[in-house]
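Below, each chain spelled out in residue letters.
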Amino acid sequence: MTIALGRPGVDGLSEAVGTLREWQYDGAPMRLHPGDLGWFWRFGAEATAAAVRTWSRNGQILAVGLLDGPELLRLTIAPDAQRDEELARQLVEDMAEPERGVLGEGRAYIEAPMGALVQDLLSEDGWSTDEPWTPLRRDLTEPVAEPGVRIEVIGPERAHVRTAAHRSSFGRSTFTDERWHAMAAGLPYADARCLVAYDDRGNAVAAVTVWSAGPGKPGLLEPMGVPTEHRGHGHGKAITVAAAAALQELGSSSAIVGTPSANAGAVATYESAGFRKLPETRDRRRDAQGRPVQPTEHR
């Protein structure tokens, strides 16, 4: 059977999210998570649907991609199709031809599972490797300690606190109250929580959103931030510990997060909260004339 490239549309997002849930398991390489779609959902359901691509054979989804900006495709593949040659060759062809509606001309980036055949074929096709990322994981089978600060679970009436903390953490952020409500209306947010940490003066000093993929599966931190003026006081560790506890309450088997390896402070923060570094990953990069990619708030 031939591989079909598809755009799910708003009505098909439920299947894409459900498929990503099924593909999560402990010990897997860092992969696209339902929470990644959930965080993107802040732009609305229609924008999220427009950014999702699926590759299917005989009606079964084998790969899901999220266009996290016009030049970055975040791709994951079914666990039993990582070395599927027909799928890998189709993926590379679709990503190379702009008229197929995946990536445009010029510079582009692809995040794909390490060890998948598509990595080998992209290398053969001239795609180089980009800067390293560090995935980290914390096992949640043991009790999680108290974070040592007051933690608030954010609901709709307190969305402004969450968005303000995020904007103070990421200088170019566009995360508004309206976008929080769009995110919270998305399918993945049914199994998500937004948390804010406070110091003893009542200041919001850190924030995080956590995404469960269902009981017994890894949960994701995406994103976590500490406002500039509150850094250096252990608040990042505290909110990360609280995030792990929240995922444990949601039934997650582990907590996962990824950050650029060059961000040594972030790596150290996660390690201080009980996370263990996993082997580094690298995006594939196609060098061509074109504008550089602008950094995102969080991957």
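Below is a summary of the structure that appears in this document.

Parameters at a glance
- Residues numbered from 1 in each chain as written.
- Predicted model: local features only at pLDDT ≥ 70, side-chain atom pairs only at ≥ 80, totals over all residues.
- Heavy atoms only, no water.
- Helix = DSSP H or I, 4+ residues; strand = E, 2+ residues; numbered from the N terminus.
- Rg over C-alpha atoms; globule rule 2.2 N^0.38 Å.
- Contact = heavy atoms within 4.5 Å.
- Areas by Shrake-Rupley, 256 points an atom, 1.4 Å probe, with all protein chains shown as cover.
- Lys, Arg positive; Asp, Glu negative; His and termini not counted.
- Charge placed at Lys NZ, Arg CZ, Asp CG, Glu CD.
- Core = buried A, V, L, I, M, F, W, Y, C linked by side-chain atoms within 4.5 Å.
- Buried < 20%, exposed > 50% of the residue type's maximum accessible area, 1.4 Å probe, protein only.
- Polar contact = N/O pair within 3.5 Å; in protein donor to acceptor, adjacent residues only side chain to side chain.
- Phe/Tyr/Trp six-rings, centres within 6.5 Å; stacked < 30°, edge-to-face > 60°.
- Lys NZ or Arg CZ within 6 Å of the ring centre and 35° of its normal.

## A closer look at the overall build of the chain
For step 1, the next point in the chain: From N to C terminus, the chain includes nine helices and 13 strands.
For step 2, the next point in the chain: Radius of gyration (C-alpha) of the chain: 19 Å, near the 19 Å computed for a compact globule of 299 residues.
For step 3, the next point in the chain: On the principal axes, the C-alpha backbone points of the chain span a range of 60 × 40 × 35 Å.
For step 4, the next point in the chain: For the chain, long-range pairs separated by at least 24 residues make up 71% of all intrachain contacts whose partners lie at least 6 apart in sequence.
For step 5, the next point in the chain: Carbon and sulfur atoms provide 48% of the accessible area of the chain, an area that totals close to 13,100 Å².
For step 6, the next point in the chain: Charge separation in the chain, taken as the distance between the mean sites of 32 positive and 41 negative side-chain charges, equals 4 Å.

## Overview of the environment of Ile256
For step 1, the next point in the chain: Looking at where Ile256 falls in the secondary structure, it is placed in strand 11 (residues 254-260).
For step 2, the next point in the chain: When the C-alpha positions of Ile256 and Val205 are compared, they lie 22 Å apart, and in sequence the two are 51 residues distant.

## A look at the nonpolar core
A general tendency of soluble globular proteins is for nonpolar side chains to be buried together.
For step 1, the next point in the chain: Grouped together as the largest cluster of nonpolar side chains are 41 residues, with contacts concentrated most on Trp55, Leu87, Leu91, Met95, Leu103 and Val118.
For step 2, the next point in the chain: In terms of residue count, the dominant contributor to this core is strand 3 (residues 60-67) (six residues).
For step 3, the next point in the chain: The residues touching Leu103, leaving out its near neighbours within four places in the chain, are Leu67, Pro70, Glu71, Leu72, Leu73, Met95, Glu97, Pro98, Ala108, Tyr109, Ile110 and Trp127.
For step 4, the next point in the chain: Grouped together as the second largest cluster of nonpolar side chains are 28 residues, Ala197, Leu250, Val257 and Ala273 included.

## A few points about the side chain of Asp94
For step 1, the next point in the chain: Along the chain, Asp94 turns up in helix 4 (residues 85-96).
For step 2, the next point in the chain: Exposure remark for Asp94: the relative accessible area of 3% places this residue in the buried category.
For step 3, the next point in the chain: Among the polar contacts made by the side chain of Asp94, one reaches the side chain of Arg100 at a distance of 2.7 Å.

## Observations concerning helix 6 (residues 159-169)
For step 1, the next point in the chain: When we look at burial in helix 6, the residues that qualify are Ala159, Val161, Arg162, Thr163, Ala165, His166 and Ser169.
For step 2, the next point in the chain: Next to the buried residues of helix 6 lie helix 2 (34-40), helix 7 (177-184), strand 8 (192-198), strand 9 (204-211) and strand 10 (218-225).

## Section: the packing of aromatic side chains
For step 1, the next point in the chain: Under the criterion given, the structure shown has five aromatic pairs.
For step 2, the next point in the chain: Ring geometry for Trp39 against Phe175: centres 4.9 Å apart, planes inclined by 75°, an arrangement best described as edge-to-face. Here Trp39, found in helix 2, pairs with Phe175, found in the loop between helix 6 and helix 7; they are 136 residues apart in sequence, far enough to count as distant.
For step 3, the next point in the chain: Where Tyr189 meets Trp211, the ring centres are 5.7 Å apart and the plane angle is 80°; that geometry is what we call edge-to-face. Here Tyr189, found in the loop between helix 7 and strand 8, pairs with Trp211, found in strand 9; they are 22 residues apart in sequence, far enough to count as distant.
For step 4, the next point in the chain: With a relative accessible area of 12%, Tyr189 lands in the buried category.
For step 5, the next point in the chain: The class of Trp211 is buried, set by a relative accessible area of 0%.
For step 6, the next point in the chain: The rings of Trp180, Tyr189 and Trp211 are connected pair by pair, giving a single aromatic cluster.
For step 7, the next point in the chain: Above the face of the Trp39 ring, Arg42 is positioned so that its terminal group lies 3.9 Å from the ring centre.
For step 8, the next point in the chain: Positioned above the aromatic ring of Tyr198 is the side chain of Arg150, whose terminal nitrogen or guanidinium carbon lies 4.1 Å from the ring centre.

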